[in-house]
Amino acid sequence: EETRLIIPIGQWILRNACAQAMEWHRAGFEITLSVNLSVLQVEERKLVELVEDTLRQTGMNPKFLELELTENILIQRPDVIYNVFQQLRELGVRLAIDDFGTGYSSLSYLSKLPIDKLKIDRSFIHDLANNADDRSIVEAIISMARSLRLRSIAEGVETPEQEKILRRLDCDELQGYIYSPPLPHEELTALLRAARDV
């Protein structure tokens, strides 16, 4: 980000990730692809054009693309962010706020953004089974997401106990090492096939 190399790197990641997702779609796996964005990419005037071009070139249905932005992005350039989010939403792309709970975003502003998900930061999940304060924060975020008609997703789920608590709290989605570590696409394809054939 300091050298602004994140902009061309981010373009490469988006294009290649969407192309890979289309390979999975053609193989019968209609999975949603999440791609993280930097604040510099969001402030770049060509982001919406890049996303639109990428969807067109790869043939990917925008409903299967989810762009993730950290909560801190909301307090840096709210006017720019809102306009970009609106344009991305008009393309049919889904939007998620990543690492939620670690920043200082305005809740009134959050309620106006065209977003789909709040991703609960892993720092609140790590000691969920033993820390009542963390459990209260996670429960509050899940409740707030539901009130705003957003989906909640917990990051960094690693133990059956964390999974059990999050399911009891009605968290919509869970992700973490309890399901799988990050994998090269060949191994992930094999995992998808194995899950389908069960």
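Here goes a summary of the coordinates provided. (Residues numbered from 1 in each chain as written. Predicted model: local features only at pLDDT ≥ 70, side-chain atom pairs only at ≥ 80, totals over all residues. Heavy atoms only, no water.)

Some details on the nonpolar core
Inference 1: Judged by nonpolar contacts, the single largest core of 51 residues is most densely connected at Leu65 and Leu67.
Inference 2: Other than its neighbours up to four places away in sequence, Leu65 contacts Leu14, Cys18, Leu33, Val35, Val51, Leu55, Met60, Val93 and Arg94. (Core = buried A, V, L, I, M, F, W, Y, C linked by side-chain atoms within 4.5 Å. Buried < 20%, exposed > 50% of the residue type's maximum accessible area, 1.4 Å probe, protein only. Contact = heavy atoms within 4.5 Å.)

Concerning the pairing of strand 1 (residues 33-36)
Inference 1: Residues of strand 1 alternate between two faces, with Leu33 and Val35 buried on one and Ser34 and Asn36 left unburied on the opposite face.
Inference 2: Pairing analysis gives 4 bridges linking strand 1 to strand 2 (residues 65-70), with the strands arranged parallel. Looking at the pairing, Asn36 lines up with Glu68 of strand 2. (Helix = DSSP H or I, 4+ residues; strand = E, 2+ residues; numbered from the N terminus. Pairing = 2+ DSSP bridges.)

Describing the sheet that holds strand 1
Inference 1: With parallel pairing, the 6 strands of this open sheet are ordered in space as 1-2-3-4-5-6. Of all the strands in the sheet, the pair left with one neighbour each is strand 1 and strand 6 (173-174).

Describing the environment of Arg15
Inference 1: For Arg15, the position within the fold is in helix 1 (residues 6-26).
Inference 2: Arg15 gets classed as partly exposed once you look at its relative accessible area, which sits at 35%.
Inference 3: When residues no more than four places from it in sequence are discounted, the contact partners of Arg15 are Leu50, Thr54, Gln57 and Thr58.

A short note on the pattern of salt bridges
Inference 1: According to the stated counting rule, one finds 9 salt bridges in the structure shown.
Inference 2: Note that Glu68 and Lys119 form a salt bridge whose closest N and O atoms lie 2.8 Å from each other. Of the two residues, Glu68 sits in strand 2 while Lys119 sits in strand 4 (residues 117-120), which places them 51 residues apart along the sequence.
Inference 3: Classification of Glu68 as buried rests on a relative accessible area of 4%.
Inference 4: A salt bridge links Glu173 to Arg151, with the nearest nitrogen and oxygen atoms 3.1 Å apart. Note that Glu173 is positioned in strand 6 and Arg151 in strand 5 (residues 151-154), a separation of 22 residues in sequence.
Inference 5: A residue is classified by how much of its surface remains accessible, and Glu173, at 22% relative accessible area, is partly exposed.
Inference 6: Each member of the salt-bridge network shares a partner with another, and the members are Glu66, Lys117, Arg151 and Glu173. (Salt bridge = Lys/Arg side-chain N within 4 Å of Asp/Glu carboxyl O.)

Overview of unusual backbone geometry
Inference 1: Even without being a glycine, Asp99 presents a positive backbone phi close to 55°.
Inference 2: With respect to the helices and strands, Asp99 occurs in strand 3 (residues 94-100).
Inference 3: With a phi angle near 60°, Arg149 is a residue other than glycine that sits in the positive phi range.
Inference 4: Inspection of the secondary structure puts Arg149 in the loop between helix 8 (132-147) and strand 5.

Topic: the packing of helix 1 against helix 3 (residues 47-58)
Inference 1: Relative orientation of the contacting elements helix 1 and helix 3 amounts to 30°, with a least axis distance of 10 Å. Accordingly, the angle class assigned to the pair helix 1 and helix 3 is roughly parallel. Crossing angle aside, the handedness with which helix 1 passes helix 3 is right-handed. Between helix 1, through Gln11, Leu14, Arg15, Cys18, Ala19 and Met22, and helix 3, the contact on the second element is made entirely by Leu50, Val51, Thr54, Gln57 and Thr58.
Inference 2: Residues belonging to the contact of helix 1 with helix 3 are distributed by class as follows: 6 nonpolar, 4 polar and 1 charged. (Axes fitted to C-alpha atoms, helices over the stretch in contact; angles between N-to-C directions. Parallel < 35°, antiparallel > 145°, perpendicular 65-115°, else oblique. Left-handed = near helix turned anticlockwise from the far one by under 90°. Nonpolar A, V, L, I, M, F, W, Y, C, P; charged D, E, K, R; others polar.)

Here's the deal with helix 3
Inference 1: Over its 12 residues, helix 3 extends 16 Å from the first C-alpha to the last, a length consistent with the 16 Å expected when each residue adds 1.5 Å.
Inference 2: Within the span of helix 3, buried status applies to Leu47, Val48, Leu50, Val51, Asp53, Thr54, Leu55 and Thr58.
Inference 3: Those residues of helix 3 that are buried lie in contact with helix 1, helix 2 (39-43), strand 2 and helix 5 (78-91).
Inference 4: Directly beyond the C-terminal end of helix 3, a positive phi value near 80° is found at Gly59. (Expected span 1.5 Å × (residues − 1).)

What about the environment of Arg151?
Inference 1: Among the residues examined, Arg151 registers a relative accessible area of 39% and is labelled partly exposed.
Inference 2: C-alpha of Arg151 to C-alpha of Val93: the two residues are 58 residues apart in sequence and 15 Å apart in space.
Inference 3: Residues within four places of Arg151 in sequence aside, it is in contact with Asp116, Lys117, Leu118, Ala145, Asp172 and Glu173.
Inference 4: Of note is the side chain of Arg151, whose polar atom sits 3.1 Å from the side chain of Glu173. (Polar contact = N/O pair within 3.5 Å; in protein donor to acceptor, adjacent residues only side chain to side chain.)

All quantities given are derived from atomic positions and should not be read as evidence of function.
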